[in-house]
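Observations on chain architecture
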Amino acid sequence: MKKGQGIRAGTKEGRWITAVATAMVLGALTMLTWSWLTGPVTAAPTAPSEPPVIALTFDDGPSPEYTPKILALLTRYHAHATFFVLGSEVARFPKIAREIVQQGSVLANHGYDHVNFFQVGVRGVLRDLERANRLLAQERLPATPFYRPPFGNANAALVRALNQRGYTVALWSIDTRDWARPGAAFITRRVLSEAKPGAIILMHDSGGNRADTVNALAAILPVLESEGYQLVTLPEYVRRLHLHTPTELPLKPAKPRSAPPPAPSPAGPWT
Ligand SMILES: [Zn+2]
């Protein structure tokens, strides 16, 4: 607009033009803001990234005293776990084993009698495992193809024999040592300080007083949830980490294979 051709503000025409101009500016600002908020309409939708996973595992159960408490906590925090049950305990408490499945968690095999590989050898472990399987089938309890050798005792020959039968040998990356009853604070600290994507946590829901384990879990679960972790079963863990059919978990053994047999002691080590 050239100088001298302006319309003086204050006239009727000037007020009208000012109103139209203001409306246009506001409209343009609104469109810019909307475009900034929504992005260009031609952009491809981005897939939501999946949250990092951690696998919680519980050995030696089921237990009528501790397993239901653990299941209630898992449900409360939208978590699922893998329970490496013993045939001897499933025989006593099949109803509790069924509750594990109903919660959305899964059963896996820890054998029947908690045999020590270093004492019974490959054939002894396989016999014990089959005995547990027969019981699970008899009780119509679905079990996932994961085997955790008692005490974590295994060697390459055992891993191979189990793989040939379709099992993945599952150890752990975080040992809470809860079997030694070190206190809920110790267990909580150990898990929270070592937690990272892909961790496999070892705990026990039977085999002794597991009050520390339950109390620790009540402290651990809300923190892991708030940190964005999703607590998943081992089949889900394998799927999410694209591991297909691993021969053993975690992918890097948590302890040396050449470890000598543990000295027999009533206090453990117990897994
Ligand atoms: Zn065990």
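Look up a bit, the structure's there.
Reading the values: the criteria
Residues numbered from 1 in each chain as written. Predicted model: local features only at pLDDT ≥ 70, side-chain atom pairs only at ≥ 80, totals over all residues. Helix = DSSP H or I, 4+ residues; strand = E, 2+ residues; numbered from the N terminus. Contact = placed C-beta atoms within 7 Å. Pairing = 2+ DSSP bridges. Right-handed = clockwise from strand over helix to strand, strands pointing away. Axes fitted to C-alpha atoms, helices over the stretch in contact; angles between N-to-C directions. Parallel < 35°, antiparallel > 145°, perpendicular 65-115°, else oblique. Core = buried A, V, L, I, M, F, W, Y, C linked by C-beta atoms within 7 Å. Buried ≥ 20, exposed ≤ 12 C-beta atoms within 10 Å, placed from the backbone. Arc of directions from axis to C-beta.

Things to note about the overall build of the protein
- A tally of helices and strands in the protein yields nine helices and nine strands.
- Of all intrachain contacts in the protein linking residues separated by at least 6 positions in sequence, the fraction that spans at least 24 positions is 78%.

Some words on the pairing of strand β4 (residues 143–147)
- Of the pairings in the sheet, the one linking strand β3 (residues 106–109) to β4 comprises two bridges and is parallel in character. When the sheet's bridge partners are listed, Leu 107 is paired in β4 with Ala 143.
- The parallel pair β3 and β4, bridged by helix α5 (residues 117–138), forms a crossover whose chirality is right-handed.
- Two strands pair when backbone bridges link them, and β4 and strand β5 (residues 168–170) are joined in this way by two bridges, in the parallel orientation. Bridging across to β5, Tyr 147 finds its partner in Val 169.

A closer look at the packing of helix α2 (residues 67–76) against helix α8 (residues 211–226)
- At a minimum axis distance of 10 Å, the contact between α2 and α8 shows a crossing angle of 5°. Between α2 and α8, the interaxial angle falls into the category roughly parallel. Every residue of α8 that contacts α2 at Lys 69, Ile 70 and Leu 73 is listed here: Val 214, Leu 217, Ala 218 and Leu 221.

Section: the nonpolar core
- In terms of nonpolar packing, the biggest core is built from 57 residues, with Ala 108 and Ile 201 touching the most fellow members.
- The element contributing the most residues to this core is α8, with five residues.

Description of the packing of α2 against helix α4 (residues 94–103)
- Their axes nearest at 10 Å, the elements α2 and α4 cross at an angle of 5°. Compared by their axis directions, α2 and α4 come out roughly parallel. Residues Thr 67, Pro 68, Leu 71, Leu 74 and Thr 75 of α2 form the contact with α4, whose own contacting residues are Ile 96, Glu 99, Ile 100 and Gln 103.

A closer look at unusual backbone geometry
- The residue after Gly 61, namely Pro 62, is reached through a cis peptide bond having omega 0°.
- The omega torsion across Leu 249 and Pro 250 is -10°, close enough to zero to call that bond cis.
- The topology assignment puts Pro 250 in the segment after β9 (248–249).
- In the Ramachandran plot, Arg 140 falls in the positive-phi region, its phi being about 55° despite a non-glycine side chain.
- As for its position among the elements, Arg 140 is in the loop between α5 and β4.
- Phi at Arg 181 takes a positive value of approximately 50°, unusual for a residue other than glycine.
- Relative to the elements of secondary structure, Arg 181 occurs in the loop between β6 (174–175) and α7 (184–194).

Side note on α4
- Within the sequence span of α4, burial applies to Ile 96, Ala 97 and Ile 100. End-on view of α4: buried residues confined to an arc of 105°, all on one side of the axis. Exposed side of α4, more than 90 degrees from the buried face: Lys 95 and Gln 102 are the residues found there.
- One or two residues past the end of α4 sits Gly 104, with phi positive at roughly 105°.

Structural notes on the pairing of strand β1 (residues 53–59)
- Burial analysis of β1 places six of its seven residues in the buried class, which makes it a mostly covered element.
- Summarising the sheet, β1 and strand β8 (residues 230–232) pair through three bridges and their orientation is parallel. Bridging from a neighbouring strand, Val 53 pairs with Gln 230 of β8.
- Inspection of the sheet shows β1 paired to strand β7 (residues 200–204) by five bridges, in the parallel sense. Counterpart to Thr 57 in the pairing with β7 is Leu 202.
- Where β1 lies against strand β2 (residues 82–85), three bridges are found, and the strand directions are parallel. Bridging from a neighbouring strand, Asp 59 pairs with Phe 84 of β2.
- Read from β1 through α2 to β2, the crossover connection turns out right-handed.

Observations concerning the environment of Leu 158
- Along the chain, Leu 158 turns up in helix α6 (residues 156–164).
- Looking at Leu 158, the number of C-beta atoms within 10 Å reads 19, which means it is partly exposed.
- In this structure, the C-alpha to C-alpha distance between Leu 158 and Arg 123, residues 35 residues apart in sequence, is 8.9 Å.
- Setting aside its immediate chain neighbours within four residues, Leu 158 contacts Phe 117, Val 122, Val 125 and Pro 149.

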